[in-house]
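Chain by chain, the residues run as shown.
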Amino acid sequence: MGTWRCELPSEQLTWSGGTYDLFGFHRSHGLVRGDILRTYSEESLARLQKVRSDAIETGSGFKLDAEIQGPDIGKRWIRIFATVERQNGESIRLFGIKQDITEERTVFEHMRHLAEHDVMTGLANRTQFQVQLAKICGPSGSGGALMLIDLDEFKEINDTLGHGAGDECLIEFTRRLSTICQCADLIARIGGDEFAVLFGPATDRHTIERVAQRLADAAKAPMNYSGSVFNVSASVGVAFAEGETPTALFTKADHALYAAKAIGGDSFQGWNDVVLDVVASG
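Let me sum up the structure you'll find in this document. (Residues numbered from 1 in each chain as written. Predicted model: local features only at pLDDT ≥ 70, side-chain atom pairs only at ≥ 80, totals over all residues. Heavy atoms only, no water.)

## With respect to the sheet that holds strand 8 (residues 194-199)
Consider a sheet: its strands pair through backbone hydrogen bonds, and that pairing is either parallel or antiparallel.
Right, on to step 1. What the five strands build is an open sheet, ordered 7-8-6-11-12; its pairing is mixed. Only two strands of the sheet have a single neighbouring strand rather than two, namely strand 7 (186-189) and strand 12 (267-270). Ignoring which end each strand starts from, the neighbouring axes of this sheet average 15° apart.
Right, on to step 2. Both strand 6 (residues 145-151) and strand 8 contribute to a ladder of six bridges, which runs antiparallel. Paired with isoleucine 149 across the two strands is phenylalanine 195, which belongs to strand 8. (Pairing = 2+ DSSP bridges. Helix = DSSP H or I, 4+ residues; strand = E, 2+ residues; numbered from the N terminus. Axes fitted to C-alpha atoms, helices over the stretch in contact; angles between N-to-C directions.)

## Section: the packing of aromatic side chains
Right, on to step 1. Within the structure shown, the criterion is met by seven aromatic pairs.
Right, on to step 2. These aromatic residues form a ring-pair network of at least three members: Trp15, Tyr20, Phe23, Phe25 and Tyr40.
Right, on to step 3. Above the ring of tryptophan 4, the side-chain terminus of lysine 98 is found at 5.3 Å from the ring centroid.
Right, on to step 4. Looking at arginine 105, its charged tip hangs above the ring of tryptophan 77, at a distance of 3.7 Å from the centre. (Phe/Tyr/Trp six-rings, centres within 6.5 Å; stacked < 30°, edge-to-face > 60°. Lys NZ or Arg CZ within 6 Å of the ring centre and 35° of its normal.)

## Focus on the sheet that holds strand 2 (residues 13-15)
Right, on to step 1. Within the open sheet, the five strands sit side by side as 2-1-5-4-3. Their pairing is antiparallel. Across the chains shown, the open sheet's two edge strands, defined by having one partner strand only, are strand 2 and strand 3 (62-70). Direction aside, the axes of adjacent strands within the sheet are offset by 25° on average.
Right, on to step 2. Bridge count for strand 1 (residues 2-7) against strand 2 is three bridges, and the pairing is antiparallel. Among the inter-strand pairings, arginine 5 is bridged to a residue of strand 2, identified as threonine 14.
Right, on to step 3. Contacts between helix 3 (residues 42-58) and the sheet are confined to strand 1, strand 3, strand 4 (74-87) and strand 5 (90-100), with strand 3 contributing the most and set at about 145° to the helix.
Right, on to step 4. The strands that helix 4 (residues 102-116) touches are strand 3, strand 4 and strand 5; relative to strand 4, the one it contacts most, it runs at about 115°. (Contact = heavy atoms within 4.5 Å.)

If you want it as structure tokens, here you go:
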């Protein structure tokens, strides 16, 4: 932690020793504001410039968390507290404290990761999935596609080989899923053996259908646990966002998934295929 002061409009800086240490500068280092600004990440610099400009204009102070980087400090997060001194209605000086919050930020990011991700597989969890699903749906959504995957024989694995084998099955399938779905915007585990994949509008229908078939094929590859070799298969359902609500899109993909299960699993179905089958049978 250290104190700082900036005279206006000359931008002359005065730092305490702690602020020098925070930025990894030697005490003999000349304080040139342009050099200091280059230590900020692009996003943090943009936010700093905005809140600083507003503070000088209005005379109100600010607090800002920012990321900095330097050869002697690596990446570091700091918290800036600023007060504005005014004279005759004009801002003449900024001063305050800068504090290292790298450890606090690391703990925060870890807690956020736990809140948004499945502990076993490391994939996004259902909460994060629902947030991202909403972004592709509705009249103002970005569009895209939802793919749902369900492992066909997972219960039998748990019943015959135990939950350890079931856990290894989920972890191994996650590896295969992550490898095949590298073009996806989000991969999530939304239930025991249920997975969801979201694709953005830039991924075309042919690519998504090819990914679905590759997933069905990859799931069948043998799995190993404590010397036992076993097999599962996967059913895949796909639906494309067309301005409907998240619930409606999920329902369409879910119907497609269970249509794949109804024909014996180990396959994929698209929502449009299900609709065409219903029309044909009617």
